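# Observations on chain architecture
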Amino acid sequence: MLGQDLSIGNWNSYQSYHSASYITETPDKIYCIASEGIFLVNKNDESISRLSKINGLSDFGAKQINYSESAKTVIIVYKNCNIDLIKNDQIINISDIKRKEILGNKLIYNITIKNNIAYLSSSFGLILVDLDKEEIKETYQLFVENNNTEIKDCAFKSDTIFVATSSGVYYADANSNSLVDYNNWHLYNSFVSNNIAASETSILIEENENIINVSFCNDFFIKTKSDSIFFYDSNLNFLYFLTHDLIVNAKYSCYDKDANLWVADSENGLLKFEDLNYENSFIPESPISNDLFSLEYFSPNLYMCHGGHTNFGNWNNKDGASKLDENGFWKNYNYYDLGNAKDIVDVAIVNDNVFFSSFYNGVSQVKNDDLVIRWNASGTNYAIDTIGNWANDKRLSVCGLKTDNQGNLWGVTSSVQNPLFVKSPDDIWRSFYIQQQIKYLYTDLVIDSDNQKWIVVGRDGGANEIGLLVYNDNNTIMDDSDDQYKLLNTSVGNGNLPSLNILSIAKDLDGEIWVGTDKGVAVFYNPSLIFSGYNFDAEQILIQEGEYGQYLLSEEKVTCILVDGANRKWIGTESSGLFLFSNDGTEEVLHFTSTNSPLNSDNIIDIAINPTTGELFIGTSKGLLSYRSDATTGGLVASKTKVFPNPVKETYFGPIAISGLTTNANFKITDINGNIVFEGFANGGQAIWNGKNKNNERVGTGIYLLFSIDQKGKEKSISKIVFIK
């Protein structure tokens, strides 16, 4: 099962690799930048490997890459101007430029290699990186009319260095020791070009704006156009050109030492041609895009929705949703697969039918990966209604799909008079009236233990935030005469929310409703009292900070909340990464940021969990990754106990996971003679042992027995653990 072989506390990357943009060649590999990540193709067997923060890179957002044959070093430049060097299987970070405060733009456009120096063309000059000393050597700046000019590209023709700038092409003696003095640079051509390349005898200054990139690779000049590749000899004599059905949005081309052409295409990945004949394409298994709005896990699949809406996300998006199956394979459902539905923001499953909500085109129903129907206004008896003031394009803005225990599918439609709707198992659709002065924008929905619907109101028709809407149909969805609803706000006695800007909502294992706002977290401890007339107000969690107390995450925008199998709270924020808190929120268990973990961004968009393995899927503003947590969902009855790893080899020193236990079970580990070595309690359905005894000493080689007892003193389960010291 996916994630089962990932050790507790370890990470996995699920970033996209579909949009290839740049290539470099080493003696045995092709490095490709795709969707701001990096993957490698072994030139001998065409196997694929990946590079990320998880296996050593310092950052995410790769922009340029090149290789120095003399220094045997790969240099990577990131969008934020961070730099990594890969040499001798080690990764060395040079963060000077990333950390430096620079007035105006701070951008690196290109990398040119000469001997053991990398020349970085940038918005603030030509930066020289010494690949041997692994440091910034110096920076050349060109001043034109007293203004520092941007340098877009660099090339060497014999002993002459050329730079393409925003003020024309300049040249200088490459052997000069005084190029820091801009007076030693001379105007070669006043034409403004972003692309230049050179051989020992010729300089190519590209003037055609339709040419995306130019390069000089292994004695050939290559011009890359979006749909074709042009070849010239080292004296710029035209040779031939290449077109192919898969070359539709080419960004860069490289001709390797084995006479293969490699093309980075943003739609079809990395393409390989032998003797100008197409041979293969390379896209590592990955989602179609790093953009995401929401994540949902329905065993055994993870769904990643790529859309957005007027308040948030990648609006007007046709990438649909991507599905990760238990074997690690991805499938994309795009705009056309979903019956011409864009801006997919949520997903729900009823009896093997997958429902995708579109913030533009209603609800698409899929079964066995085939479209069944796209539900629109007329097909649902207008339960999913058309936005009145956008009637010309018949927009159906649906969000927040959820199912109840009776198999009903619930959702909300924004900017209509009857926003809450339901589809019964026999395809009867109904909607529910809400009195609104201005028709609201709805963004999420949660169903509580009493079957009440908690709906996040993003804002009204203007810029005013509203709060939460709670709707109670009294479990009579065909009779609205006994229905009740209430809008909750910041007023005492009517919600006592810390803010009207609600960003997330979740129900925990005790039935409490946790709400994330732009001013931290609030909890409705008694949601059943909403319509009782008694006090039901939300409460903020007071935590101790040194000598002072403050409310939990009160300075943070809480973007998502997830409850794990131990009822602990995973909380994502817009700018401070991901937190794990105890079940009551008073104790911080973990805090991951882009600085102390492989997270590629501190902006957490959404989170989901595989309840069986504890693999936590983390969607950030820069893509998807996962963390193997130490909690799973337990059961009332113990299932088959699984221990990982087992046997525990002498080289393994990480946590040992024991899954399949009853919820929060007490467990004991004994030696073969029955002596207790270790005991504790499970997190949900999973227990963790560090391989040590009560004296904190690593246990010796042998067979150890596991005994598990639930909280009522019943349900014993026994497993064996083989330990090698």
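Look up a bit, the structure's there.
In every chain, residue numbers begin from 1 and rise along the written sequence. Local features in this predicted model are restricted to residues of pLDDT 70 or higher, and side-chain atom pairs are both shown and tallied only at a pLDDT of 80 or more, whereas totals for entire chains, interfaces and linings draw on every residue. Hydrogens and water molecules were not included; the side-chain quantities draw on all heavy atoms of the structure.

## Some points on the overall build of the protein
What counts, and what does not: Elements are defined by DSSP. Helices are runs of H or I of four residues or more, strands are runs of E of two residues or more, and each kind is numbered from the N terminus. Atoms counted for the radius of gyration: C-alpha only. Globule rule: 2.2 Å times residue count to the power 0.38. Any two residues whose heavy atoms approach within 4.5 Å at even a single point are treated as in contact. For accessible areas, the Shrake-Rupley method is used with a probe of radius 1.4 Å. Any residue's cover is judged against the shown protein chains and nothing else.
Summing up its helical and strand segments, the protein has one helix and 64 strands in all. Computed over the C-alpha atoms, the radius of gyration of the protein is 29 Å, within 12% of the 27 Å expected from 2.2 N^0.38 for a compact globule of 725 residues. Each principal axis of the C-alpha distribution contributes one length, and for the protein these read about 85 × 75 × 55 Å. In the protein, 45% of the contacts between residues at least 6 apart in sequence involve partners at least 24 apart. By element, 43% of the accessible surface of the protein is carried by carbon and sulfur atoms, the whole surface being about 31,200 Å².

## Structural notes on the environment of Asn474
Defined as follows: Partly exposed residues are those whose accessible area sits between 20% and 50% of the maximum for their type, while under 20% is buried and over 50% is exposed, using a 1.4 Å probe and protein chains only. The term polar contact refers here to a pair of N or O atoms within 3.5 Å; inside protein, the definition further demands a hydrogen-donor-capable atom paired with an acceptor-capable atom, and it admits residues adjacent in sequence only when both atoms are side-chain atoms.
Along the polypeptide, Asn474 turns up in the loop between β44 (467-472) and β45 (484-488). By relative accessible area, which is 32% here, Asn474 ends up partly exposed. It is 14 Å that separates the C-alpha atoms of Asn474 and Leu529, two residues lying 55 residues apart in sequence. Not counting residues within four places of it along the chain, the set of residues in contact with Asn474 comprises Asp482, Asp483 and Gln484. Among the polar contacts listed, one links the side chain of Asn474 to the backbone oxygen of Asp482, at a separation of 2.4 Å.

## Remarks on the pattern of salt bridges
As a reminder of what qualifies: Take a side-chain nitrogen of Lys or Arg and a carboxyl oxygen of Asp or Glu: if they are within 4 Å of each other, that pair is a salt bridge.
Tallying each qualifying case throughout the model produces 23 salt bridges. When the shortest N-O distance is used, the salt bridge between Asp369 and Lys323 registers 3.3 Å. One end of the pair, Asp369, is in the loop between β36 (362-367) and β37 (370-375); the other, Lys323, is in strand β32 (residues 321-324), with 46 residues separating them in the sequence. Residue Lys557 is joined to Glu574 by a salt bridge in which the shortest nitrogen-to-oxygen separation is 3.6 Å.

## Re the sheet that holds strand β26 (residues 250-255)
Adjacent strands of a sheet form backbone hydrogen bonds with each other and so pair up, either parallel or antiparallel. Keep this limit in mind: Any two strands are treated as partners once DSSP identifies two or more bridges connecting them. The angle between two axes is taken between their N-to-C directions and runs from 0 to 180 degrees, where each axis is a line fitted to C-alpha atoms and a helix contributes only its stretch in contact.
With antiparallel pairing, the four strands of this open sheet are ordered in space as β26-β27-β28-β29. The open sheet terminates on both sides in strands that have one partner only, identified here as β26 and β29 (277-282). Strand after strand, the sheet turns through a mean of 20 degrees between neighbouring axes, direction not considered. Taken together, the five bridges between β26 and strand β27 (residues 260-265) define a ladder with antiparallel strand orientation.

## Some words on empty space enclosed by the protein
Here the idea is plain: a probe the size of a water molecule rolls over the atoms and shows the empty space left. Quick note on the threshold: Cavities and pockets are found on a 1 Å grid laid over the protein atoms alone: a cavity is a set of points where a 1.4 Å probe fits but cannot escape, a pocket is an open set with protein on both sides within 12 Å along at least five of seven lines, and a lining residue has an atom within 4 Å of such a point. Grid points are joined across faces, edges and corners, and a volume is the space filled by probe spheres set on the points. The nonpolar class holds Ala, Val, Leu, Ile, Met, Phe, Trp, Tyr, Cys and Pro. Asp, Glu, Lys and Arg form the charged class, and all remaining residues, Gly among them, are polar.
Applying the stated rule across the entire model yields two cavities of 30 Å³ or more. Empty space within the largest cavity amounts to approximately 120 Å³. Lining the largest cavity are 19 residues, and of these Gln15, Ser52, Lys53, Asp59 and Phe60 sit closest to its centre. Of all the elements in the fold, those that place two or more residues in the lining of the largest cavity are β4 (37-42) and β57 (623-628). Its residues assigned to classes, the lining of the largest cavity comprises ten nonpolar, six polar and three charged.

## A look at the nonpolar core
To keep things clear, this is the line we draw: We call a set of buried Ala, Val, Leu, Ile, Met, Phe, Trp, Tyr and Cys residues a nonpolar core when their side-chain atoms join them within 4.5 Å.
By size, the foremost hydrophobic cluster in this structure holds 41 residues, and its most contacted members are Ile38, Ile76, Ile229, Leu261 and Leu270. Beyond its immediate stretch of four places on either side in the chain, Ile229 contacts Ile222, Lys223, Thr224, Tyr240, Phe241, Leu242, Ile247, Ala250, Ser253, Leu261 and Val263. If you look at the next biggest cluster of nonpolar residues, it comprises 18 residues, including Ile656, Ile669, Ala687 and Phe723.

## Brief notes about the packing of aromatic side chains
The condition that has to hold: We call Phe, Tyr and Trp rings a pair once their centres come within 6.5 Å, taking the six-membered ring for Trp, and we label the pair stacked below 30 degrees between planes, edge-to-face above 60, and tilted otherwise. Counted as over-ring charges are cases with an Arg CZ or a Lys NZ within 6 Å of the ring centre that also lie within 35 degrees of the ring normal.
Summed over the entire model, instances satisfying the criterion amount to 40 aromatic pairs. With 4.9 Å between their ring centres and 65 degrees between their planes, Phe220 and Tyr255 make a pair best called edge-to-face. In this pair, Phe220 sits in strand β23 (residues 220-225) while Tyr255 sits in strand β26, placing the two residues 35 residues apart along the sequence. Among the aromatic residues, ring-to-ring pairing joins Trp11, Trp570, Phe592 and Tyr627 into one connected group. One cation-aromatic arrangement involves Lys453 over Trp410; the distance from NZ or CZ to the ring centre is 3.9 Å.

## Description of the layout of surface pockets
Of the volumes computed, that of the second largest pocket is approximately 1,200 Å³. As for the second largest pocket, its lining consists of 39 residues, of which Asn66, Tyr67, Ile113, Phe216 and Cys217 are closest to the centre. Only β2 (20-25), β6 (62-68), β10 (108-114), β16 (151-157), β20 (196-198), β22 (211-217) and β26 provide two or more residues apiece to the lining of the second largest pocket. Classifying every residue of the lining of the second largest pocket gives 18 nonpolar, 14 polar and seven charged.

## Here's the deal with the sheet that holds strand β11 (residues 117-122)
Spatial strand order, β10-β11-β12-β13: four strands in an open sheet with antiparallel pairing. Each of the sheet's edge strands pairs with one partner strand only, and the pair in question is β10 and β13 (135-140). Strand-to-strand twist across the sheet, computed as the mean angle between neighbouring axes with direction ignored, equals 25 degrees. Pairing analysis gives five bridges linking strand β12 (residues 125-130) to β13, with the strands arranged antiparallel. Following the sheet pairing, Ile127 is matched in β13 by Thr139.

Interpretation in functional terms is not warranted from these geometric data alone.
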